[in-house]
Amino acid sequence: MKFHAPLAVLLSAMATCAWAQATSNAAINVTAVAMFLAFVVVTLGITYWAAGRTKTTSDFYAAGGGITGFQNGLAIAGDYMSAASFLGIAGLVYTSGFDGLIYAIGFLVGWPIVLVLIAEPLRNLGKYTFADVASFRLQQKPIRILAASGSLVTVIFYLIAQMVGAGKLIELLFGLPYEAAVIIVGVLMTLYVTFGGMIATTWVQLIKAILLLSGASLMAFLVMMQFGFSFENLFAEAVKVHAKANAIMAPGTLVSDPISAISLGIALMFGTAGLPHILMRFFTVKDAVQARRSVFYATGFIGYFYILTFIIGFGAIILLLKNPAYFTDGALIGGANMAAIHLSQALGGDILLGFISAVAFATILAVVSGLTLAGSSAISHDLYATLVLKGERDEKKEIRASRIATVCLGVIAVLLGIVFEKQNVAFMVGLAFCVAASANFPILLLSMYWRKLTTRGAVIGGGLGLFTAVILVVIGPTVWVDAFGFEQAIFPYKYPAIFSVSAAFIGIWFFSITDKSASAAKEQAAFDAQFVRSQTGIGAAEAAQH
Amino acid sequence: MHTETIRQLPEYAALTRARKKIMWPLSLATIVAYFALILTIAFNPTALGNPIGAGVTSIGMVLGLGVILFCMVITGLYVYYANRVLEPLTRAIVQKAGEQS
């Protein structure tokens, strides 16, 4: 494993950066830099160890299937709790109170759906990607191309949002130039995934989840301690301090009209069940029982985390608004998204600030690694293995393809991160959820539960959902007006999910029931065998034990 | 063992019945709870701002945090039911399938 060369280059590059930094900026936070370097050293060490254990495609995509339900639950939480949701929701609570809660709830409500409808059949039918399940009884080629496109679009939008966020955050926290920050993130995630595959990615998620949950718990504890652990006291003090006063206790401007409200709800709820990097995690456990256990723990951790984030947002209202040191020209330094970071300083001085900064950084790295792995598996397992290898099983070639794909995705992520530096990318996470809900989720759900689904229906309907989602976002207010600068949006709503998800379901239904071809009849007849396996797990490949 | 033979097993019929009995009610409960909140936010936002008691804590805050806890309870209920009801049936089917193959 050629692991040492890039490692040495990276470490020396970072040492140079740190040195240049230390000489140019005396106010650098030593705790933050030390903690960050410790995280990098530990995770690269794990990657080195994981590289020696990554020999087969099963190791690379699914960590050999040897992860326990509890570990996987924590890793799912690690994959899902992004820095964007930690800093973004805390920032939204800080600016408008209740509105932050709307997002927090939306990010959680998809999980019971994942558990009850998706997790167990997914584990019983699939091997490495959700396209395995979608194409189980349908034609391999068109379905895998569609599923891989849906995955890649979701992954790329999500990646851009994370990369730009990462660059800005690191620029602000460590004083590094934006480009350098984006490159460091890109290089580290590429190293984790290329050499350590799913084993390294899982451990990065686990460490990050533990760090983030303990950091956020500590902050929420310190906030609640000041208010006698009473929400009423916390809210009362916040209402007194905040400019919007009592209005922070009620819905504000986040969702203004019913269509947008319902649309946002649909995207968040069903998008969760269509995120490729989350779905992929279910193949790392032994069987459906462990898959079920994973979601139970993940939902607990994620729900707990959003409650913490909510408390942190309110803590920021009370502790920051009273202190002019955190403001320049009446605005919070670094914008509302920095509320949680400033609050850590207000609560625990430079040491807690350093800790939380490093945690935020670790969070970004973990999320982008999971995304990159999902993207590269879509390319190697769904596209390369089906289109180029044409079903011929060649593990070495497939792993090599996924490593090349990982490096390419790393480069693309860095370039897009730099291109989108000046853009408002907040809408991209919403777009990723919208595409996941409109393309990936309908195909996956109907392939598992609807006998009459055919290849033609899935391809036309899924494609319709994918294109409708992307086009309506582009001609809607967030891109057409805010990014392109046109005066009036062609499509009036910010969130198009209600239209694109309906388009997908109606398209799949119509083009399936009108499909009278011989292959369609065969696909429908194959449903019974598939359903037996999805319910009982009989026939699902026994995963290797580590 | 052939798919048809498994489908004829009484345990298989019991399993699909038991799963249907828990799957749709829990999914619907989650969807209804969430969209009830979302629709109230859309159509009657001021109602959510009313305080629940003598203090400032609003109905919306309580309902919002309630939905988060509700999601955790739903997953707990499902896992409890699955371990007690679905798992023994699945094991019985797998065992019978193994004996006859």
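Residues numbered from 1 in each chain as written. Chains lettered and ligands numbered in written order. Predicted model: local features only at pLDDT ≥ 70, side-chain atom pairs only at ≥ 80, totals over all residues.

*Asks:* Summarise the overall build of chain A; cite the residues concerned and give the values.
*Replies:* Helix and strand counts for chain A stand at 21 helices and 2 strands. A globule of 546 residues ought to have a C-alpha radius of gyration of about 24 Å, and chain A, at 23 Å, matches this closely. A principal-axis box enclosing the C-alpha atoms of chain A has dimensions of 75 × 55 × 45 Å. Counting across all 546 residues of chain A, residues that qualify as buried make up 62%. The contacts of chain A with a sequence gap of at least 6 include a subset with a gap of at least 24, amounting to 83%. (Helix = DSSP H or I, 4+ residues; strand = E, 2+ residues; numbered from the N terminus. Rg over C-alpha atoms; globule rule 2.2 N^0.38 Å. Buried ≥ 20, exposed ≤ 12 C-beta atoms within 10 Å, placed from the backbone. Contact = placed C-beta atoms within 7 Å.)

*Asks:* Tell me about the overall build of chain B, and please be specific about residues and values.
*Replies:* Along chain B, the regular secondary structure elements total 4 helices and 0 strands. In chain B, the order of α-helices and β-strands from amino to carboxyl end is α-α-α-α. Computed over its C-alpha atoms, the radius of gyration of chain B comes to 21 Å, more than 25% above the 13 Å expected for a compact globule of 101 residues. Projecting the C-alpha coordinates of chain B onto the three principal axes gives extents of approximately 65 × 25 × 15 Å. A total of 101 residues make up chain B; the buried ones form 30% of that total. Looking at chain B alone, contacts between residues at least 24 apart form 67% of all its contacts between residues at least 6 apart.

*Asks:* Tell me about the confidence of the model for chain A, and name the residues and values.
*Replies:* When pLDDT is averaged along chain A, the result is 89; 94% of the residues meet or exceed 70. When the criterion is pLDDT under 50, residues 22-26 of chain A qualifies, and its contacts beyond four places in sequence or with other chains add up to 2 contacts. (pLDDT = per-residue confidence, 0-100.)

*Asks:* So what's going on with the interface of chain B and chain A? Residues and values would help.
*Replies:* Contacts between chain B and chain A engage 43 residues on the former and 42 residues on the latter. Mapped onto the side of chain B that touches chain A, the elements with two or more residues apiece are helix H1 (3-8), helix H2 (10-43), helix H3 (45-49) and helix H4 (59-100) of chain B. With 19 residues, H4(B) is the single largest residue contributor to the side of chain B that touches chain A. Partitioned by chemical class, the residues of the side of chain B that touches chain A number 26 nonpolar, 14 polar and 3 charged. (Nonpolar A, V, L, I, M, F, W, Y, C, P; charged D, E, K, R; others polar.)

*Asks:* I'd love a proper account of helix H5 (residues 83-96) of chain A, names of residues and values included.
*Replies:* Helix length check: H5(A) (14 residues) gives 19 Å between terminal C-alpha atoms against 20 Å at 1.5 Å per residue, within 8%. Most of H5(A) sits inside the fold, with 14 of its 14 residues counted as buried. (Expected span 1.5 Å × (residues − 1).)

*Asks:* Can you explain the environment of Gly49(B)? Please cite residues and give values.
*Replies:* Along the polypeptide, Gly49(B) turns up in helix H3. Residue classification places Gly49(B) among the partly exposed residues on the basis of 19 C-beta atoms within 10 Å. If we skip the residues at most four places from it in the chain, Gly49(B) touches Asn246(A), Met249(A), Ala250(A), Ser58(B) and Gly60(B).

*Asks:* Can you tell me about the packing of helix H6 (residues 98-125) of chain A against helix H13 (residues 288-321) of chain A, naming the residues and giving the values?
*Replies:* All names here are of chain A. The interhelical angle for the contact between H6 and H13, taken along N-to-C directions, is 175 degrees, at an axis separation of 9 Å. Considering their axes alone, H6 and H13 lie roughly antiparallel with respect to each other. A per-class count over the contact of H6 with H13 returns 16 nonpolar, 6 polar and 3 charged. (Axes fitted to C-alpha atoms, helices over the stretch in contact; angles between N-to-C directions. Parallel < 35°, antiparallel > 145°, perpendicular 65-115°, else oblique.)

*Asks:* Explain the nonpolar core residue by residue, including any values.
*Replies:* One finds Val185(A), Ile312(A) and Val435(A) to be the most contacted residues of the largest nonpolar core, which totals 236 residues. The contacts of Ile312(A), once residues within four sequence positions are left out, are Ala90(A), Ala216(A), Met219(A), Ala220(A), Val223(A), Ala340(A) and Leu343(A). (Core = buried A, V, L, I, M, F, W, Y, C linked by C-beta atoms within 7 Å.)

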